[in-house]
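Spelled out from the first residue to the last, the chains are:
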Amino acid sequence: MSNEHTPLITSGVCGLTRASCGMAPETSPDASPQSDPTQPSKDPRRLNTFFGVMVPTILSMFSIVLFLRTGFVVGHAGLLQGLLMVVVAYTIISLTILSICAISTNGAIQGGGAYYMISRSLGPEFGGSIGLMFFLAKVFACGEYVLGLVEAILDVFGRDPDSAVSESVKVLPQGYWFSVLYASIVLLLCLIVCLVGSKIYSRTAFVILIVVTVSLMSVFISSVAIPPKSINITHPGPGNQTLRFNASYTGYSVKTLRDNLFSGYSLDYSTNSVMSFATVFAVMFTSCTGIMAGANMSGELKTPSVSIPKGTIVAVLYTFTAYVLLFMMVAATCERTLLIEDYGFLQKINLWPPFVTIGIYCASLSAAMCAMIGASRILHALAVDHLFGLPLVPATVKSNSGNPWVAVLYTWALAQCVVFAGELNAIASLVTIFYLLAFAAVDLACLALEWASAPNFRPTFQYFSWHTCLLGILSCLVMMFVINPVYSSGSIVLLLILLLFLHYRSPTSSWGYISQALIFHQVRKYLLMLDVRKEHVKFWRPQMLLMVANPRSSCQLILFVNQLKKGGLYVLGHVKLGDLDSLPSDPVQQQYNFWLSLVDKLDVKAFVDLTLSPSVRQGTQHLLRITGLGGMKPNTLILGFYDSCIPEDFFLQDSAFCNSSLGQGSEEEYDFGVDLPSLQAHFPPVRHEESPRWLSPEEYVGIISDALKMNKNVCLGRYFFQLQGEDKDSKVDGSNRIIDVWPLNLLQPDSCDYEDVCSLFLLQMACVLNMSSKWRHARMRIFLNVETKSGSQAWVVNEETFRELLKKLRIRASIKIVPWESLVHHAVPQGELVQPLSEDYLTAVNSLLIEHSSQATVRFLYLPRPPPLLTQAQQYISQLETVTNRLGPTLLIHGVTPVTYTDL
């Protein structure tokens, strides 16, 4: 068979392309519109582990904290709490890295990095919302790095606030608007580089890393070579005042180390707010947010599943070592005043100050460009997946070289808004919280994959477990609220709003949903716990199998039964006539998607079960036996009525199926291969007068008999094409509806038992309908057929007894007394087989029903047992047809299982 030789679903696994396997390349859904499959494309995946992951990750993690905020952290928090912050931060990111490594080694990673991992694991709702939050985190980080660079520039070139004359190179005026101007210029420079493409950045990143490393080495060398010295520090104070501080660089000193061991939180001169553990940790944690810099370049890595884990782990170990050594060095050589009051003190204690200056500029600029490139890749991936509709459509555009330049412009515009914050420390908390939320989402994705126990989740990276994932989630959430409860709550609310937006926008996809795997895992457990031996009548609920020949003529009945199920199992069954021995393949398998699409269109909560059988009767037997699983199996069979009425085509009446609605659906909506024209074409036209019937009267009655033998309740629905207001857009609440119940067997005149199993089943089904959403306020009427002219008052007692029964059953209904004598004389005594009732009697019963139930919306009638001999099947159907003629929507019911319970 052809499908036995189908290649892997996803191309490019582990760096292999389909062309390398001798197969024709396919167009990727993420391919740009400009790409021509006939032309030899330039492979954008050129970066290896070192240049593609290690270098950008190290530079992103050094960023502005390495040279500009190390003293700030140690000065306020002290060495011990500073090292604790480093350990806590790196513990959190290490747990997240384990999840990143697990996900990235479980399959081919496309462009979009963390967003791609989350969306393809958790589905479009979580993926889109977390992806947008991660994009915002990158944008804020870009603005933060630019502000840090401006701060470093002004530290060297900024005009001294207490000097009226510019000295040497200190020529740049300072102030809020000047800082915004300088940040905008730097951001424009980043934009130009990113518009040219990430290749320039990747080529220069290694040189930048060397420069930063040399600068860092100069700091350690200077700590030994520079003798102790005093440093004067000035800051603009309130009004026109100038604040002056005298600080000291002591060199390596036990006393200095002892003085800097413990915390000394004080006023931050840049924001004029008192620092705390949370605010300092927020600033320090921005050095740890770059762990996904390599993952965000996944679309440009040769082998992302190999490069991302290896490069990220090495980069984290490298930066952790650098931060610990630097913290210990500054704590042992610098007084606390110097650390707190001068962010750029490392320049003043260096053998050649420009070393540190160049390192700061390179680290900050590269981190800003890396954040802008990473954010643009995430936004482009979001746009390609069509999750947010028209606003992001322009972001799908790419240049000939594959650079998403419109997404870069989006990122630059938002980062430009961020720089209006003016101060790095002012936005550090928000950046940290956004990143922590994204890290928690990655851990959640890995946790969900692990808990789902899907056979295809077998990452080559094995150093993780559900414990590490859960601990990562909890640690991220705890630290979010430790840093800033208001920002944390706001970010989670924003996430939920995005989640709800995407959920109601219903962007279906072919990515696979982890929710389905988790649901399967749990449902299997609960189905095993659902023991049929523990069933009790007081918890009985209807579980329906509705046999549908052609949904074009059965949609109203499908919608009605959906209201009748009361949270029970609801299955649409269909028998495809044929013999598998004479067919090359099973035709039923190809039909499931069409039926499931029908269920989606009608918005009913139903399963679909199809079978192939030589006859409808035999196929119905199969479905009655095998449909369902464990304790969830149908207990009620529902059939349409067998009559000569020409059915109406529901597809021509409902706007969801009409031709006028074609093209109105969302273009982004994934239809699982079944669009509306295909759905209409799949189901055949409704039966005409000349059309042959699917089954004979004998076979139809045989199906009813088979169901009763199998101890299944049976319902026959007639005239439901006349029932309106059952569709999903209807606002009907039942206030103008009437439900009529005739619990007496009208085809057995001498019957007066209102409390047999079948009669009680009728009452139960009518009550169930009355509890549904569209029938909640409907009036229920129960008709009692009595002989009032016989002189006996027994019927009064029977009425009172029946009223007590309704009270015990908690059924709210009015009782209507219907005289019965005028019809009894038409009847002929019951025979051994079918009641040989006269045509006059049947017509009289029909007239009685029309007289009393003409205003009813739906009627529940007692369905007599079918005859034991199928030769009388036609007579049985004719009697039912005459009794229900011109009645309107009617359900004939025969119940065989006890369903009512009066005790608590």
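These numbers were taken from a predicted model, which means no experiment stands behind them.

1. Looking at the overall build of the protein
Right, on to step 1. A tally of regular secondary structure across the protein gives 28 helices and 14 strands.
Right, on to step 2. Roughly 40400 Å² of accessible area belongs to the protein as shown, and the carbon and sulfur atoms make up 61% of that amount.

2. Section: a nonpolar patch on the surface
Right, on to step 1. A grouping of I210, V214, M217, I221, L351, W352, F355 and I358 is seen on the molecular surface, where their side chains present a nonpolar patch of about 730 Å² in accessible area.
Right, on to step 2. Taken together, the elements giving at least two residues each to the nonpolar patch come down to α7 (198-225) and α13 (354-384).
Right, on to step 3. For the nonpolar patch, the leading source of residues is α7, giving four residues.
Right, on to step 4. Topologically, I221 is positioned in helix α7.

3. Topic: the packing of helix α5 (residues 124-157) against α13
Right, on to step 1. The N-to-C vectors of α5 and α13 enclose an angle of 160°; their axes lie 8 Å apart at closest approach. Judged on the interaxial angle alone, α13 and α5 are roughly antiparallel. Here α5 and α13 pass one another in a crossing that is left-handed.
Right, on to step 2. Its residues assigned to classes, the contact of α5 with α13 shows 23 nonpolar, four polar and one charged.

4. Regarding the nonpolar core
Right, on to step 1. Formed by 159 residues in total, the largest nonpolar core has its most connected members in F67, I93, V212, F285 and I291.
Right, on to step 2. Broken down by element, this core gets its largest block of residues, 21 residues, from helix α15 (residues 424-452).
Right, on to step 3. In this view, F67 contacts V212, S215, L216, V219, Y343, L346, V356, G359 and I360; residues no more than four positions away in its chain are not counted.
Right, on to step 4. Within the second largest apolar cluster, 63 residues are counted, among which are C555, W595, V741 and I815.

5. Some points on the pattern of salt bridges
Two side chains of opposite charge can pair, provided their charged atoms sit close to one another.
Right, on to step 1. If you walk through the whole model with that rule in mind, you get eight salt bridges.
Right, on to step 2. Across the salt bridge formed by E151 and R69, the nearest N and O atoms sit 2.7 Å from each other. Pair noted here: E151 is in helix α5 and R69 is in the loop between α2 (65-68) and α3 (70-104), with a separation of 82 residues, a long-range link. For the pair shown, E151 and R69 are each scored as buried.
Right, on to step 3. Between D649 and R552 there is a salt bridge whose closest N-O contact spans 2.9 Å. With D649 in the loop between β8 (636-640) and α22 (676-682) and R552 in the loop between β5 (544-547) and α19 (555-564), the pair connects residues that are 97 residues apart, well separated along the chain.
Right, on to step 4. Among the charged side chains, a salt-bridge network with shared partners connects D643, R718 and E881.

6. A word on helix α20 (residues 592-602)
Right, on to step 1. Every buried residue of α20 is listed here: F594, W595, S597, L598, V599 and L602.
Right, on to step 2. Taken together, the buried residues of α20 touch α19, β6 (570-577), β7 (607-613) and α22.
Right, on to step 3. Two residues or fewer after α20 comes D603, characterised by a positive phi angle close to 60°.

7. Quick word on the sheet that holds strand β10 (residues 738-742)
Strand pairing in a sheet relies on backbone hydrogen bonds. The paired strands run either parallel or antiparallel.
Right, on to step 1. Reading across the sheet, the 10 strands line up as β7-β6-β5-β8-β9-β14-β13-β10-β11-β12 and stay open at both edges, with mixed pairing between neighbours. Pairing within the sheet leaves two strands with one partner each, and these edge strands are β7 and β12 (814-819). Taking the axes of each pair of neighbouring strands and ignoring which way they run, one obtains an average angle of 25° across the sheet.
Right, on to step 2. Here five bridges tie strand β9 (residues 713-718) to strand β14 (residues 890-894), and the two strands are oriented antiparallel to one another. The residue of β14 that forms the bridge with V714 is H894.
Right, on to step 3. Here helix α23 (residues 697-709) sits on the sheet in contact with β8, β9 and β14, set at roughly 170° to β8.

8. Digging into helix α18 (residues 514-529)
Right, on to step 1. Here α18 contains 16 residues, and its C-alpha end-to-end distance of 23 Å stays within 8% of the 22 Å for a straight helix at 1.5 Å per residue.
Right, on to step 2. Those residues of α18 not exposed but buried are I514, H521 and L527.

9. Examining the packing of aromatic side chains
Right, on to step 1. If you walk through the whole model with that rule in mind, you get 31 aromatic pairs.
Right, on to step 2. Ring centres of F62 and Y318 lie 5.9 Å apart, and the angle between their planes is 50°; on these two criteria the pair is classed as tilted. With F62 in helix α1 (residues 49-62) and Y318 in helix α10 (residues 304-333), this pair connects stretches of sequence that are 256 residues apart.
Right, on to step 3. We classify F62 as buried; its relative accessible area is 0%.
Right, on to step 4. For Y318, a relative accessible area of 32% translates into the label partly exposed.
Right, on to step 5. On the basis of an interplanar angle of 40° and a centroid distance of 4.6 Å, the ring pair of F560 and F720 is categorised as tilted. In this pair, F560 sits in helix α19 while F720 sits in the loop between β9 and β10, placing the two residues 160 residues apart along the sequence. Considered together, F560 and F720 belong to a single accessibility category, that of buried residues.
Right, on to step 6. Among the aromatic residues, ring-to-ring pairing joins F134, F277, F281, F285, Y435 and F439 into one connected group.
Right, on to step 7. The ring of F72 has R69 sitting right over it, with the charged end atom 6.0 Å from the ring centre.
Right, on to step 8. Over the ring of W775 we find R737; its NZ or CZ atom is 4.2 Å from the centre of that ring.

10. A look at unusual backbone geometry
Right, on to step 1. The phi angle at R810 is positive, at roughly 55°, despite the residue not being glycine.
Right, on to step 2. Non-glycine residue R886 carries a positive phi angle of around 65°.
Right, on to step 3. Relative to the helices and strands, R886 is located in the loop between α28 (873-883) and β14.

Basis of the calculations
Residues numbered from 1 in each chain as written. Predicted model: local features only at pLDDT ≥ 70, side-chain atom pairs only at ≥ 80, totals over all residues. Heavy atoms only, no water. Helix = DSSP H or I, 4+ residues; strand = E, 2+ residues; numbered from the N terminus. Areas by Shrake-Rupley, 256 points an atom, 1.4 Å probe, with all protein chains shown as cover. Patch = residues over 30% accessible without salt bridge, like charges linked within 9 Å, V, L, I, M, F, W, Y side chains within 5 Å. Salt bridge = Lys/Arg side-chain N within 4 Å of Asp/Glu carboxyl O. Axes fitted to C-alpha atoms, helices over the stretch in contact; angles between N-to-C directions. Parallel < 35°, antiparallel > 145°, perpendicular 65-115°, else oblique. Left-handed = near helix turned anticlockwise from the far one by under 90°. Nonpolar A, V, L, I, M, F, W, Y, C, P; charged D, E, K, R; others polar. Core = buried A, V, L, I, M, F, W, Y, C linked by side-chain atoms within 4.5 Å. Buried < 20%, exposed > 50% of the residue type's maximum accessible area, 1.4 Å probe, protein only. Contact = heavy atoms within 4.5 Å. Pairing = 2+ DSSP bridges. Expected span 1.5 Å × (residues − 1). Phe/Tyr/Trp six-rings, centres within 6.5 Å; stacked < 30°, edge-to-face > 60°. Lys NZ or Arg CZ within 6 Å of the ring centre and 35° of its normal.

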